[in-house]
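Analysis of the macromolecular model
Listed below, chain by chain, are the residues.
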Amino acid sequence: MFSTLLFVFTISLFSFNVLSDSSNHRYNEGDNVPLYANKVGPFHNPSETYRYFDLPFCVTGKEKDKTEALGEVLNGDRLVSAPYALDFKKDKDSKYVCKRKLTKEQVAQFREAVKKDYYFQMYYDDLPIWGFIGTVDKEGKADPSEYKYFLYKHIQFDVLYNKDRVIEIGARMDPHSLVDLTEDKEVDTEFLYTVKWKETDTPFEKRMEKYSQSSSLPHHLEIHWFSIINSCVTVLLLTGFLATILMRVLKNDFMKYAQDEEAADDQEETGWKYIHGDVFRFPKYKSLFAAALGSGTQLFALTIFIFMLALVGVFYPYNRGALFTALVVIYALTSGIAGYTATSFYIQLEGSNWVRNLLLTGCLFCAPLFLMFCFLNTVAITYNATAALPFGTILVIVLIWTLVTSPLLVLGGIAGKNSGAEFQAPVRTTKYPREIPPLPWYRSTIPQMAMAGFLPFSAIYIELYYIFASVWGHRIYTIYSILFIVFIILLIVTAFITVALTYFQLAAEDHEWWWRSFLCGGSTGLFIYGYCLYYYYARSDMSGFMQTSFFFGYMACICYGFFLMLGSVGFRASLLFVGHIYKSIKCE
């Protein structure tokens with residue numbers, strides 16, 4: 001019931017935002033259609049963006065900042081009215097924006113931006129526009145000191161319309177209208193723009209499909225489906241192999257233990273039955289364990305709700321900030337799940353200080369994320385980048401955490417404490433734990449985690465490239481149905497491999513499986529972070545302290561979230577399995 005209400009509320013919220021953004025798109029000839037300049041930055045450093053007028057472009061004095069939603073600010077958008085007048089259906093040819101003399105410092109500023117391959121982004125009637133601010137002439141020059149740097153001073157806007165609505169817009173830079181920035185000297189220049197209007201038959205409802213086509217091209221879909229087939233084959237082989245092996249082994253175990261019961265009573269037990277009095281002994285650091293389980297369950301619920309919104313079409317391309325708004329709102333609303341899960345399980349583990357456990361649950365994921373945010377926001381402020389959140393936005397997030405997240409966490413914790421559930425163990429636990437026999441090195445925690453994380457990671461690594469290219473690049477990802485299938489495959493493989501390793505651990509008479517199953521389930525998060533290293537150095541051109549710190553900092557938080565989420569999945573699967581096999585035998 002709660003999950004249904006949450007989903008309906010979130011859908012209503014986003015539907016209202018979408019409708020309010022797209023309801024007023026009809027214009028008469030000559031109407032002023034708003035054009036907003038958003039940001040500029042190095043093309044290969046998506047996090048390092050600056051305000052458009054941080055570069056010395058033409059300023060008319062009439063520029064006004066656009067009021068933005070929470071998600072847009074989190075996305076680094078800082079829209080301000082641009083000095084170009086693109087009146088509806090009015091062509092303009094080489095119209096002056098301004099004439100100005102660039103000082104040596106401004107020439108050097110533009111030259112540095114051209115050298116770093118700066119691009120600009122604008123929005124016209126909520127449609128995105130991109131373009132590069134300059135070009136580098138490297139032809140026939142082996143020495144970088146001989147390169148020539150030029151600034152584009154003439155931009156042409158090509159706009160398509162259907163009756164009274166804007167359908168599409170593109171920006172072209174005139175390669176013959178350049179300003180030489182190579183030398184440190186004052187430069188007189190003039191900035192111009194041209195507007196060309198053309199009618200099209202494309203309906204207004206389909207104007208965003210253009211931005212989805214890049215991820216739906218045949219060769220991209222072919223690779224995506226290859227990824228799916230590869231993952232499905234991996235899952236089928238793995239699950240089939242594990243199911244066959246485990247069923248045969250368990251069948252033999254059950255037959256053996258049944259024969260042992262009929263044989264002499266003094267016959268010594270071996271294998272996983274031998275440790276039946278210890279297998280449900282509660283783990284060490286049970287408060288931390290319950291908190292990790294609660295946080296992981298909340299992140300799992302958050303992921304499912306995000307997928308539900310994506311599959312119903314909320315996150316269409318360039319619905320600015322919708323994903324970030326969804327993450328903040330749904331994380332706040334699902335905090336009750338974390339409180340209930342952690343506290344109820346902590347009470348089942350006979351924990352006494354449930355208030356401390358609730359505080360630990362609330363801080364386990366939020367505290368590292370907050371510390372990382374403080375560091376990265378300080379870096380962004382130092383760079384004067386748009387990634388630096390304004391004080392008002394930080395205050396809004398703090399209020400959401402104080403007024404929504406914390407109360408729901410406490411309410412969930414109180415409900416968990418009063419649930420009265422007891423841990424249902426099919427066998428009794430002995431008073432004193434058995435000593436774990438010496439085991440070979442490959443049965444220790446770290447090698448087991450490496451084995452457990454490799455297979456789930458191998459099932460998703462092809463799709464990871466497209467996700468990284470979308471989050472940390474300029475590609476657009478819209479095939480959420482395929483991503484959801486990959487996510488389901490990831491859950492299945494994680495559950496199966498964790499169950500298999502738990503069985504082999506118990507068969508080796510090692511009864512400390514609680515933490516091991518959680519760590520093995522979550523180890524895929526470590527592999528994803530390892531992929532981050534590969535992607536950064538081998539597949540991207542990112543550089544600079546700010547971009548590097550943002551990439552590895554926020555990816556550390558994301559991978560930590562995956563660790564908690566998949567760890568919870570692995571433990572839950574192992575708990576069901578262990579409970580089932582010990583329920584199936586007779587233990588004295």
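Right, let's walk through the structure included here. Quantities reported herein were computed from a predicted structural model and do not represent experimental measurements.

1. Some words on the overall build of the protein chain
- Looking only at helices and strands, the protein chain has 16 helices and twelve strands in total.
- Across the 588 residues that make up the protein chain, the buried fraction comes to 50%.
- Residue pairs at least 24 apart in sequence account for 80% of intrachain contacts in the protein chain once pairs closer than 6 positions are excluded.

2. What to know about the state of the cysteines
- As enumerated under the stated definition, the model contains one disulfide in all.
- Take C363: it sits in no disulfide, and the sulfur closest to it among the cysteines is that of C366, at 7.5 Å.
- Here C559 is not disulfide-linked; the sulfur of C532 is the nearest cysteine sulfur, at 4.5 Å.

3. Description of the sheet that holds strand 7 (residues 134–137)
- Within the open sheet, the three strands sit side by side as 7-8-11. Their pairing is antiparallel. The sheet is open, and its two edges are formed by strand 7 and strand 11 (178–180), each paired on a single side. Each neighbouring strand pair of the sheet contributes to a mean axis angle of 30°, computed without reference to strand direction.
- Here strand 8 (residues 148–152) runs beside strand 11; their pairing, made up of three bridges, is antiparallel. Across the sheet, Y152 pairs through a bridge with L178, a residue of strand 11.
- The sheet contacts of helix 3 (residues 104–115) involve strand 7 and strand 8, and relative to strand 8 the element is tilted by about 100°.

4. With respect to the nonpolar core
- The biggest cluster of nonpolar side chains holds 82 residues, and the ones touching the most others in it are F551 and Y582.
- Leaving out residues up to four positions away in the same chain, F551 has contacts with F468, W472, C532, Y535, Y536 and M542.

5. Quick look at the packing of helix 12 (residues 445–471) against helix 15 (residues 524–539)
- Between helix 12 and helix 15, the least distance of the axes is 8 Å, while the angle of their chain directions is 45°. The orientation of helix 12 with respect to helix 15, classified from their angle, is oblique. Pair helix 12 / helix 15 crosses with right-handed handedness.

6. Here's the deal with the side chain of T343
- Among the structural elements, T343 can be located in helix 8 (residues 335–348).
- Every residue in contact with T343, bar those within four places of it in the chain, is listed here: W354, N357, L358, G413, G416 and K417.

7. A look at helix 11 (residues 391–417)
- With 27 residues, helix 11 ought to run about 39 Å at 1.5 Å a step, and its terminal C-alpha atoms sit 37 Å apart, in line with that.
- Taken as a whole, helix 11 has its buried residues at T393, T405, S406, L409, G412, G413 and G416.
- Tucked inside the fold, the buried residues of helix 11 contact helix 2 (70–74), helix 7 (322–333), helix 8 and helix 9 (354–364).

8. Focus: the environment of C532
- Within the secondary structure layout, C532 lies in helix 15.
- With 68 residues separating them in the primary sequence, C532 and L464 have C-alpha atoms 9.8 Å apart.
- Not counting chain neighbours up to four residues away, the residues in contact with C532 comprise F468, F551, F552, M555 and C559.

9. A word on the packing of aromatic side chains
- For the coordinates displayed, the defined rule picks out 59 aromatic pairs.
- Measuring from centroid to centroid gives 5.9 Å for F457 and F527, while their planes differ by 35°, and the two rings are tilted. One end of the pair, F457, is in helix 12; the other, F527, is in helix 15, with 70 residues separating them in the sequence.
- The buried category is assigned to F457, whose relative accessible area is 14%.
- For F527, a relative accessible area of 25% puts it in the partly exposed group.

10. Concerning the pairing of strand 5 (residues 118–124)
- Counting buried positions over the seven residues of strand 5 gives seven, a clear majority of the element.
- With seven bridges connecting them, strand 1 (residues 35–42) and strand 5 associate as antiparallel partners. Bridge pairing in strand 5 links L35 to Y124.
- Relative to strand 6 (residues 127–132), strand 5 runs antiparallel, the two being bridged by six bridges. Within strand 6, the position partnered with Y119 by the bridge is F132.
- Counting the residues that bridge the hairpin from strand 5 to strand 6 gives two residues, and of these D125 lies at a positive phi of roughly 55°.

11. Observations concerning the pattern of salt bridges
- In the structure shown here, the tally under the stated rule is 13 salt bridges.
- Residues joined by salt bridges that share partners form a network here, namely D278, R281 and R434.

12. Section: unusual backbone geometry
- In the Ramachandran plot, Y285 falls in the positive-phi region, its phi being about 50° despite a non-glycine side chain.
- In this structure, Y285 sits in the loop between helix 5 (218–262) and helix 6 (286–311).
- Even without glycine at this site, E509 takes up a positive phi of about 65°.
- With respect to the element layout, E509 can be found in the loop between helix 13 (480–507) and helix 14 (514–522).

13. A closer look at the environment of A85
- Along the chain, the position of A85 falls in the loop between strand 3 (80–81) and strand 4 (92–102).
- The class of A85 is partly exposed, set by a relative accessible area of 27%.
- Linking A85 and V195, residues 110 residues apart in sequence, is a C-alpha distance of 9.1 Å.
- In contact with A85, other than residues within four places in its own chain, are K92 and Y193.

14. Remarks on the environment of K39
- Residue placement: K39 occurs in strand 1.
- Residues K39 and Q121, 82 residues apart in the sequence, show an inter-C-alpha distance of 5.5 Å.
- Residue contacts for K39: discarding those within four places in its chain leaves T49, Y50, Y52, N75, G76, D77, Y119, F120, Q121 and T386.

15. Notes on the side chain of S287
- Along the chain, S287 falls in helix 6.
- Residues within four places of S287 in sequence aside, it is in contact with Y346, N357 and L360.

16. Focus: the packing of helix 7 against helix 11
- Running from N to C, helix 7 and helix 11 cross one another at 40°; their axes reach a closest spacing of 8 Å. As the angle between them shows, helix 7 and helix 11 are arranged oblique. When helix 7 is examined against helix 11, the residues V328, A332 and L333 are found in contact with a partner set consisting of I400, V404, T405 and L408.
- When grouped by side-chain class, the residues that make up the contact of helix 7 with helix 11 number six nonpolar, one polar and no charged.

Rules of the game
- Residues numbered from 1 in each chain as written.
- Predicted model: local features only at pLDDT ≥ 70, side-chain atom pairs only at ≥ 80, totals over all residues.
- Heavy atoms only, no water.
- Helix = DSSP H or I, 4+ residues; strand = E, 2+ residues; numbered from the N terminus.
- Buried < 20%, exposed > 50% of the residue type's maximum accessible area, 1.4 Å probe, protein only.
- Contact = heavy atoms within 4.5 Å.
- Disulfide = S-S within 2.5 Å.
- Pairing = 2+ DSSP bridges.
- Axes fitted to C-alpha atoms, helices over the stretch in contact; angles between N-to-C directions.
- Core = buried A, V, L, I, M, F, W, Y, C linked by side-chain atoms within 4.5 Å.
- Parallel < 35°, antiparallel > 145°, perpendicular 65-115°, else oblique.
- Left-handed = near helix turned anticlockwise from the far one by under 90°.
- Expected span 1.5 Å × (residues − 1).
- Phe/Tyr/Trp six-rings, centres within 6.5 Å; stacked < 30°, edge-to-face > 60°.
- Salt bridge = Lys/Arg side-chain N within 4 Å of Asp/Glu carboxyl O.
- Nonpolar A, V, L, I, M, F, W, Y, C, P; charged D, E, K, R; others polar.

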